[in-house]
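Residue strings, one per chain:
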Number of protein chains: 2
Amino acid sequence: VSGPAIILVEPQLGENIGTSARAMLNCGLDDLRLVQPRDGWPNAKALSAASGADRVVETARVFDSLGAAIADLTRVYATTARPRDMDKSVVAPREAAAQLRAFESRGERVGVLFGPERRGLSNDDITLADAVIEVPLNPAYRSLNLAQAVLIVAYEWIMAAPPPLQPRGGYAPTPTTKAELLGLFDHLEAELDACGFLFPPDKRPSMVRNLRNMLGRGNLSEQEVRTLRGVISGLANLGRTRRADKE
Amino acid sequence: VSGPAIILVEPQLGENIGTSARAMLNCGLDDLRLVQPRDGWPNAKALSAASGADRVVETARVFDSLGAAIADLTRVYATTARPRDMDKSVVAPREAAAQLRAFESRGERVGVLFGPERRGLSNDDITLADAVIEVPLNPAYRSLNLAQAVLIVAYEWIMAAPPPLQPRGGYAPTPTTKAELLGLFDHLEAELDACGFLFPPDKRPSMVRNLRNMLGRGNLSEQEVRTLRGVISGLANLGRTRRADKE
């Protein structure tokens, strides 16, 4: 497999799934993932709209949650049509393609998220991403069809030559998978619920998003995620118990 | 008027005319011309597929011949999916956009031709063009939907002089002072000493360095440092409560 996974979150129309598959294959991509497609799966309309890109539709994988869909990836970008007030770096598709190629050349597995036709990705979805892709279109008419958004991202991917120089030196960890990162989030949030930190309840969602954005921004390595989980356990006094159990 | 005219030669499906209009307006183009649309004109399906780009469809002009459609233009490029054996210069969409912008800046009126869905432009049509645009896609699957071909050409046009991203969003925190960051380190390390996490003593210096590197990398804001200190206090109090319960 090479090139980013294309992850459609709660896509509504089968036709758009099919034409997205077609846009992917046009640009040499074939890892299509669907999170809770509205009309179920398989979808005859998706297959007929794929016209020639059937294989991409047939091998698409369906997931119950965005977390499951990105579990094996180490770097995920989220597409948005309208500006969001989030602590994420915002890049155009061309820049995104160059960055994702650089990550892939270091052995990372990358992916791009696309939201439902009507409302786009939720802020909670975007929180799980490392950066946001915004297409610098006509400010007076930004509404892109789903497959056309997929096409622009995929087209920039195929047009981007692999980076001439391998990035080296500096900070180059073994990147963590999204599954490990989500495990860290769950662990932290469970303990923060236990100690009453995530209070009052109506503030909880935004507090959780802020913590996830903060932890996600650090580009943590596998080892660091393990260390942070140890820190959480240690502070919550589970660490000593576990050490005692081991001895 | 600015930007190339988009000329659809004998388009077959109204839906494709509508989605092409949408792709044009996404990229700031509005001069749509149709040569002998198969299903006549006006076309209700074109209008409904335009969703928001109605004006482009409503002001589209219909012509009996390609010659009439391009009569007022001085420079015309033809798109093809498959290579043609013609004495024409062949360029990719990015190069074409740069060239067409250069012509326009000298006062020329430019346009791009797109053929019918099933068979593309005829050789006679291409003969009327000054150059050929070929999209360098996956050689194993080059068949682009009409509106997606229009999108790529129009997208490269707008990207050749993109509207500026509105200055907002992105990650631009109030940066924390080093004193605050060191206060966070001291707080965390004191609590980790208290719960026995930084053990054994000969490992302590490298564990502390790893934690400090990790926290320093995230480029934390003042607010985030305060949040993290709250997290540490919350978890540490939880730990003390649990220890007290056990005793």
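Before any of the text, the structure's been laid out above.
What this report covers is the structure whose coordinates are included nearby. (Residues numbered from 1 in each chain as written. Chains lettered and ligands numbered in written order. Predicted model: local features only at pLDDT ≥ 70, side-chain atom pairs only at ≥ 80, totals over all residues. Heavy atoms only, no water.)

Brief notes about the interface of chain B and chain A
Okay, step 1: Of the residues lining the interface, 64 residues belong to chain B; the matching set on chain A comes to 66 residues.
Okay, step 2: Taken together, the connections running from chain B to chain A amount to 3 salt bridges.
Okay, step 3: Among the salt bridges present, the one from B:Arg242 reaches A:Glu191, with a minimum N-O distance of 3.0 Å.
Okay, step 4: At the surface where chain B touches chain A, the tally comes to 24 residue pairs in polar contact (both at pLDDT 80 or more).
Okay, step 5: Looking at the side of chain B that touches chain A, the elements with two or more residues in it are helix H1 (14-26), helix H5 (93-105), helix H7 (146-159), helix H8 (178-194), helix H9 (204-217) and helix H10 (222-246) of chain B. (Contact = heavy atoms within 4.5 Å. Salt bridge = Lys/Arg side-chain N within 4 Å of Asp/Glu carboxyl O. Polar contact = N/O pair within 3.5 Å; in protein donor to acceptor, adjacent residues only side chain to side chain. Helix = DSSP H or I, 4+ residues; strand = E, 2+ residues; numbered from the N terminus.)

Observations concerning the sheet that holds strand S5 (residues 89-91) of chain A
Strand pairing in a sheet relies on backbone hydrogen bonds, with the paired strands running either antiparallel or parallel.
Residues and elements named next belong to chain A.
Okay, step 1: With parallel pairing, 7 strands are arranged side by side in an open sheet as S3-S2-S1-S6-S4-S7-S5. Each end of this open sheet is capped by a strand with a single partner; those strands are strand S3 (61-63) and S5. Across the sheet, the axes of successive neighbouring strands diverge by a mean angle of 25°, strand direction being ignored.
Okay, step 2: As judged from the 4 bridges shared by strand S1 (residues 5-9) and strand S2 (residues 32-35), these two strands associate in the parallel manner. Opposite Ile 6, over in S2, you have Leu 32 as the bridge partner. (Pairing = 2+ DSSP bridges. Axes fitted to C-alpha atoms, helices over the stretch in contact; angles between N-to-C directions.)

Things to note about the sheet that holds strand S1 (residues 5-9) of chain B
All names here are of chain B.
Okay, step 1: Read from one edge to the other, the open sheet built from 7 strands follows the order S3-S2-S1-S6-S4-S7-S5, with strand pairing classed as parallel. Of all strands in the sheet, those with a lone pairing partner are strand S3 (61-63) and strand S5 (89-91), marking the two edges. In this sheet, neighbouring strand axes are inclined to one another by 25° on average, regardless of whether the strands run parallel or antiparallel.
Okay, step 2: The sheet contact formed by strand S2 (residues 32-35) and S3 spans 3 bridges and is parallel. The partner of Val 35 across the bridge, within S3, is Phe 63.

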